[in-house]
Amino acid sequence: MLQKLYDWIDDRVDITPIWRDIADHEVPEHVNPAHHFSAFVYCFGGLTFFVVVIQILSGMFLTMYYVPDIENAWKSVYYLQTEVAHGQIVRGMHHWGASVVIVMLLLHTLRVFFQGAYKKPRELNWIVGVLIFFVMLGLGFTGYLLPWDNKAYFATQVGLEIAEQVPFVGEQLKILLAGDASIVGAQTLTRFFAIHVFFLPGALFALLAIHFILIRRQGISGPL
Amino acid sequence: MSDKKQQVSRRQFLNYTLTGVGGFMAAGLLVSPLRMAIDPVLKESSSGDLVNVGLSVDDITSEPQRVDWTVEQVDGWYESEPSRSAWVFKNDNGDIVALSPICTHLGCVVSWEGSEDYPNQFFCPCHDGRYEKDGTNVPGTPPLAPLPYYEHEVRDGILFLGNPISREGA
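Rules and cut-offs
- Residues numbered from 1 in each chain as written.
- Chains lettered and ligands numbered in written order.
- Predicted model: local features only at pLDDT ≥ 70, side-chain atom pairs only at ≥ 80, totals over all residues.
- Helix = DSSP H or I, 4+ residues; strand = E, 2+ residues; numbered from the N terminus.
- Contact = placed C-beta atoms within 7 Å.
- pLDDT = per-residue confidence, 0-100.
- Expected span 1.5 Å × (residues − 1).
- Buried ≥ 20, exposed ≤ 12 C-beta atoms within 10 Å, placed from the backbone.
- UniProt positions renumbered as here; feature names shortened; annotations may be inferred.
- Pairing = 2+ DSSP bridges.

1. Observations regarding the overall build of chain A
Part 1 of the reasoning: If you tally the helices and strands in chain A, you get nine helices and zero strands.
Part 2 of the reasoning: Tracing chain A from N to C terminus, the helices and strands come up as α-α-α-α-α-α-α-α-α.
Part 3 of the reasoning: Once the C-alpha set of chain A is aligned to its principal axes, its extents read approximately 55 × 50 × 35 Å.
Part 4 of the reasoning: Within chain A, contacts between residues at least 6 apart in sequence are counted, and of these 65% link residues at least 24 apart.

Structure (structure tokens):
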């Protein structure tokens, strides 16, 4: 049945080559942990992506309950955490996953750095990777405010004061992030929500696409 | 027809015009969203009016006293009345001084003579930060800047306070 369905589509749009380009490619021996166990270090990039997928999925489900409004944000998170079946688990995935992403990303970066895999011709992909790192930090920073509890509020206060230290444009940058010159409040929360849920994920998808296309173009760097 | 003249081919002409028109359309589409996003930066900050804190000038002594009052705060569509506090006293010249109680170290609340060990000083219980009576931070304690002071005004013998103004660290 499934085969028939596949054939029916393949007949018309010839999807096999697309499929082959995306998923069907050789894994060199030196990156295959089945051959050399130490090759597990090559898994960190993939693991980072895996956790990112978890973040996206759990985040999508969290927005079914979350409200980015200072009156209701904390209450909605509390409700989700205490009243909704499995809500605690989904929020737990998003909460802990956020830290795991950063850890995996750092391990991946260390592997690329110490193997010198960033060298010519892969400099561009290193740069894209660093941009992904910044986007991830931004996602962590903006997501931290959303529960709108004391820790979130004061962490954001500190973060905004750090942004204010940027030479020349610091003041404007802070207002742009906070939505108000002196208050961390209603407009800050909606802004951070928009940045966390739409702007940064958009940037992340674009950068990840470039990251992966470049890997397929250039191949994985050779053995040490 | 001179050969030296750089002729624009039909294809080039169409490329340029279509890119140009497309660019204008994209730019036109982006103007409003971008202007909307940066609106808070361009809005003039309404430097809040001075507020009656309910303290008669006659009651201000050389001993700092804590004054609490509320201000009307408008945060976009959200209006609230957060509370403010100040330590108010007359300094040696007889001028009124209103100091913000927010510690410049990490934002805790300081008290006048908050510790018995340090008379005549403001004391922060969080990390033992100290300030002289005029608000200058005591060297060797955590804060690196003096306490901010409130802009003040006396109307009909009543104290009005405005926004706290930060001071540079010595």
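2. Details of the confidence of the model for chain A
Keep in mind that low pLDDT regions are not for reading the predicted coordinates in detail.
Part 1 of the reasoning: On average, residues of chain A carry a pLDDT of 95, and 100% of them reach 70 or more.
Part 2 of the reasoning: Looking across chain A, the model is least confident in helix 2 (residues 16–23) of chain A, with a mean pLDDT of 85, and most confident in helix 6 (residues 123–145) of chain A, with 98.

3. What to know about helix 1 (residues 2–13) of chain A
Residues and elements named next belong to chain A.
Part 1 of the reasoning: Its twelve residues give helix 1 an end-to-end C-alpha distance of 16 Å, which sits within 8% of 16 Å, the value for a rise of 1.5 Å per residue.
Part 2 of the reasoning: The buried fraction of helix 1 amounts to zero of the twelve residues, a small share that puts the element mostly on the outside.
Part 3 of the reasoning: Just downstream of helix 1, aspartate 14 is the residue with a positive phi angle, here 55°.

4. A short note on the UniProt feature "domain: Rieske" (unreviewed entry) in chain B
Part 1 of the reasoning: Feature annotation in UniProt assigns "domain: Rieske" (unreviewed entry) to the following positions: residues 88–161 of chain B.
Part 2 of the reasoning: Between the end C-alpha atoms of residues 88–161 of chain B the distance is 10 Å, and the span holds 0% helix and 35% strand.

5. Re the UniProt feature "transmembrane region" (unreviewed entry) in chain A
Part 1 of the reasoning: The feature "transmembrane region" (unreviewed entry), as given by UniProt, occupies residues 39–67, 96–114, 126–146 and 192–215 of chain A in the numbering adopted here.
Part 2 of the reasoning: The span residues 96–114 of chain A carries 100% helix and 0% strand; its end-to-end C-alpha distance comes to 27 Å.

6. A closer look at the sheet that holds strand 8 (residues 122–124) of chain B
Sheet strands line up and pair through hydrogen bonds in the backbone, either parallel or antiparallel.
All names here are of chain B.
Part 1 of the reasoning: Pairing is antiparallel across the open sheet formed by three strands, whose spatial order is 7-8-9. Sheet topology places strand 7 (111–112) and strand 9 (129–131) at the edges, where each strand pairs with a single neighbour.
Part 2 of the reasoning: Pairing analysis gives two bridges linking strand 7 to strand 8, with the strands arranged antiparallel. Each bridged residue has a counterpart across the sheet, and for serine 111 the counterpart in strand 8 is phenylalanine 123.

7. What to know about the UniProt feature "domain: Cytochrome b/b6 N-terminal region profile" (unreviewed entry) in chain A
Part 1 of the reasoning: Feature annotation in UniProt places "domain: Cytochrome b/b6 N-terminal region profile" (unreviewed entry) on residues 5–224 of chain A, given in this structure's numbering.
Part 2 of the reasoning: Helix makes up 70% of residues 5–224 of chain A and strand 0%. Its end C-alpha atoms lie 45 Å apart.

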